[in-house]
Structures are given as C-alpha cells and as structure tokens.
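Breakdown of the fold
Here is what each chain is made of, one letter per residue.
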Amino acid sequence: MAAHKRPPLDSTIYPDRVVDSAYVPPVVLTDFRLFGRAVEVGSGSPLKQSISYADNITLSHQQSTFALEFAALSYSDNTINRYRYKLDGLDEQWNETGGDQRMVGYAALPAGDYTFRVQTATGQSGWGVLGATLRIQILPPWWRTWWFRAIIAGSLLFFVWGVYYIRVRSIQQHYRERRLAEEALRQAHADLIHANRVSSMGELTASLAHEVNQPIAAAITDANTCLRWLSREQPDLDEARAAAARSIKDATRAAEIIKRVRLLFKKGMVQQEVVDLNEVIPEMMLLLYSEAAQFSVFVRMELAEDLPRVMGDRVQLQQVLMNLMMNGIDAMKDVDGTRELTIQSQRGENGQVLISVSDTGVGLPPQQADKIFNAFFTTKAHGTGMGLQISRSIVESSGGRLWATNNSSRGAKFCFTLPTCDTPDSVVLGDRTGSADGAQTINPSFESTHAGRTKGDVSTSKPHH
C-alpha cells in the first residue's frame, strides 16, 4: 500500500500583508507597598484579599505613602506594551509609561477619597476601555475628623458660655457687693446724722428743760386758778373758763415741744415728703427759744409769702436749720454789742427756694473759710467738726447747695437752696410719725411774737412768755 503524501506547506511570508494585532490584553494590579515594603493579606493589614482582586482599600493617615505595581496579562513581547495611569483626586491628566516602568508611588497624600485607574495598549493599538480600578480611602488623623471638630466646637461654645456665665455672675456679685456697700454707707451716714442730731439736742438739754417746764408750770397755775374760781360761793364761770383755756394753751405748747424733740431723737429711714420750710423754721425756733433768750439773741424771721414747698426728709431739714441756727447763736455768745440772728426764706434762682441764716458773731475763721465744711474741722473747743459737713450732705442729697460767706459789716451768713416741688399735697412716704398737721401747729403766743408770714417782720429781742 503506497504511503499518502501530504502536499508541501506554503511558508512564504509577505511583509506587506503583516498588520498589528488589535488584541488589548487585560491589566491587573500585582503589588501594593507601604513605605517601600510589600503588604501581606491579613486581619491587621489594609489588604483583606490579594491586590489583584481588591476593589477598594482603606488606609490610615500614617499610611499615606504607598506604591502600586501593575502588569498586562499578555505573553507576547512585553516591550511593546504601553501603560497609562491616573489617580482621581490628585492627577488631572493621564500619565503614560512604557513596559519597563510598571510601578507608581505616591507620598504623603492628604486625607480623602481617591480612585486609581490604569490602562494598557500594545503596539499601535488603542487604550483599553476599562483597565484596572482601585478605590483608595485615606482616613484623616483624629484631630481632623468631623467628630473631633464637633467636640472642639462644642467645647469652645461651652468655654465661651462658661466665660460669659462667670462674667455675668461676677458682675452680679460685684453689683450685690456694691449695693450692700452703698446700703452700709447710707446706713452709716444716717447713723452719723442721727448721732449729730442727738449730740446737738444734748447741748440743748438745759434750754429744752426750761422751755418745757415753763408752760407746764403755767398750766398748773392756770388749773389752780380755775379751781379757785369754781370753789367760790358764787363761782365765776367766765374767769374759770379763761383760766382753763390758758391751761390748755400752755399744755399744748409743752406737748408740741416734746413732739418736736421726739421727732429729732427718733431714728428711722430717710423719708422723702413735701416740706413747707416756712413751717419748719418756726418749729426750730420753738426749740431754740430758750437758747436764744439765754444769750440775749435778737431773733428775726423774714418768711416770704407763698413760698414753694420742697421735697426732702423733714427731720433732716430740721437738723440742717438747727445746726445753722445753733452755730449762729454760738458765734454770738462772746460778742459785745447787738446779737442778731436772721432767718430768711425767699424764692431763689431757677425756681429754687433760698434759705439764709445770718448772725452778727465772729464771722468765718480767717484764711480757713474754705475748710469749714470739711469733716472734723471745728473752731469750737468741744465741737465734733461734723455739723456743717453733715448739713451739706443732707442738702446736696436733696438736690440743693449749701455755702457760707462773711457779712459786709460783721458775722457770717449761711445759705442753702433746694429745688421746689409742685406736688399739691404733702405725702409721707415712710414711717416717721411727724405729720404735716402736727408740724403746722405753732404756739399762738410764739407765732405772734416771732413768726410773721410776711417778709420784713421782726421778732422781739428778749424772748418771753
């Protein structure tokens, strides 16, 4: 049997017919390195599976320097393979490289989300459409995380609120302490005023005792006289009635003196009320009546008609007048010649009330006239040096002013102004018992002798009953 012969193969090559293959091999990631060291798959590793099969990896901020290696799955000539890669989130354009450079590294990438893309081509073929893709997340350090920033923001807000709260509490505490200090200062000032008033009244003890004793003695005498007229066989009712009326009059005068003294001795809170200074001046003269008579002081009161009323503490304004009038009497004790004390009330400038107390005594101390209102300054042997200073503080607290000048001839003149009050009725704001009705009651014999309600009236030089 003859052997079958195959026809000869045509091994002829036609170069003009050779073309590039259109096949584009797939590309895969083959290696992942951190700081130049290969990373193995494991539980504590960022790689949970081989880099060739991984879709995404998560890195800490301390793993932000890494390298990726890639390769095309082709057994043809590798020298003709071309690659291009891009890291979305960092690179704006593709980076091309040859087959001998298949590893790319990135150093100190900031925290964020990235996507690594790599494509391959062979010869003159086009780039693969898909290529290999790896999503990479680099976590920020803890001090750049949103929760840390939220804690910082909350802490800052809490700190600001704490500073504000502490500041508000500090201001409130300071305000409370200041209010308590001011209250203590007002109380100390009120105590000082009361002590000065009591001291001044103490100096008048003898005169006040005489002033009270006289009407009481007169009332007893008139009462006995009334009894005698009634004890007769034929009672004389007219004479008995007249004696009883005189007894009531004298007893009323003694009661008024005691009432004025009681108000001046009483210690209480400052009470603002509407005050008629034309009523206060005769009240103080009632208390100083015997003091003026003891030193033969001629007392003149010139009270303006329709004098506006002022707002102030009635007892404290009485204290001011008492201080000024007693100072005037003291200044004339050792003076030869006429001893005259003049108290005037009139309308001042800017709708204010002007009160002046003038004497014919020794006058203001030479070279020291500007010091008389200083605390503890006195020209008296046994003075405290607080009367004028307290008087000025009382006047100024009521919105007025107190000053002193020398008279042109002899003696000194103390003046003070107070703003007027248009309130029609006197309203007592506190618990002082000195009512307006009681303040207006003046002993008739004293008023007819000493207190003319028209400017220019003059009192007698020798106070008498």
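See the structure printed just above.
Reading guide: rules and limits
- Residues numbered from 1 in each chain as written.
- Predicted model: local features only at pLDDT ≥ 70, side-chain atom pairs only at ≥ 80, totals over all residues.
- Heavy atoms only, no water.
- Pairing = 2+ DSSP bridges.
- Helix = DSSP H or I, 4+ residues; strand = E, 2+ residues; numbered from the N terminus.
- Axes fitted to C-alpha atoms, helices over the stretch in contact; angles between N-to-C directions.
- Contact = heavy atoms within 4.5 Å.
- Salt bridge = Lys/Arg side-chain N within 4 Å of Asp/Glu carboxyl O.
- Buried < 20%, exposed > 50% of the residue type's maximum accessible area, 1.4 Å probe, protein only.

Moving on, we get to the sheet that holds strand 15 (residues 401-406). Adjacent strands of a sheet form backbone hydrogen bonds with each other and so pair up, either parallel or antiparallel. With respect to topology, 5 strands assemble into an open sheet ordered 11-13-14-16-15, the strand pairing being mixed. Single-partner strands in this sheet number two, and they are strand 11 (298-303) and strand 15. With direction set aside, neighbouring strand axes in the sheet form an average angle of 15 degrees. Running at roughly 135 degrees to strand 15, helix 7 (residues 387-397) makes contact with strand 15 and strand 16 (412-419) of the sheet.

Oppositely charged side chains can form a pair if their charged atoms are brought close together. One pass over the full model with this rule turns up 10 salt bridges. For D88, the salt bridge is made with R117, and the minimal N-O distance between the two is 2.6 Å. One end of the pair, D88, is in strand 5 (residues 81-88); the other, R117, is in strand 8 (residues 112-122), with 29 residues separating them in the sequence. Among the residues examined, R117 registers a relative accessible area of 33% and is labelled partly exposed. In this structure, R241 engages D238 in a salt bridge whose closest nitrogen and oxygen atoms are separated by 3.1 Å. With R241 and D238 both in helix 3 (residues 237-265), this residue pair falls 3 residues apart, about one helical turn. Its relative accessible area of 51% is what places R241 among the exposed residues. Overall, the relative accessible area of 56% leaves D238 in the exposed class.

Right, let's talk about the sheet that holds strand 3 (residues 56-59) for a bit. In spatial order, the strands read 3-9-8-5-6; together these 5 strands make up an open sheet with mixed pairing. Of all strands in the sheet, those bounded by a partner on one side alone are strand 3 and strand 6 (95-98). The average angle at which neighbouring strand axes cross in this sheet is 20 degrees, direction not considered. Judged from the 7 bridges that link them, strand 8 and strand 9 (residues 132-138) form a sheet pairing that is antiparallel.

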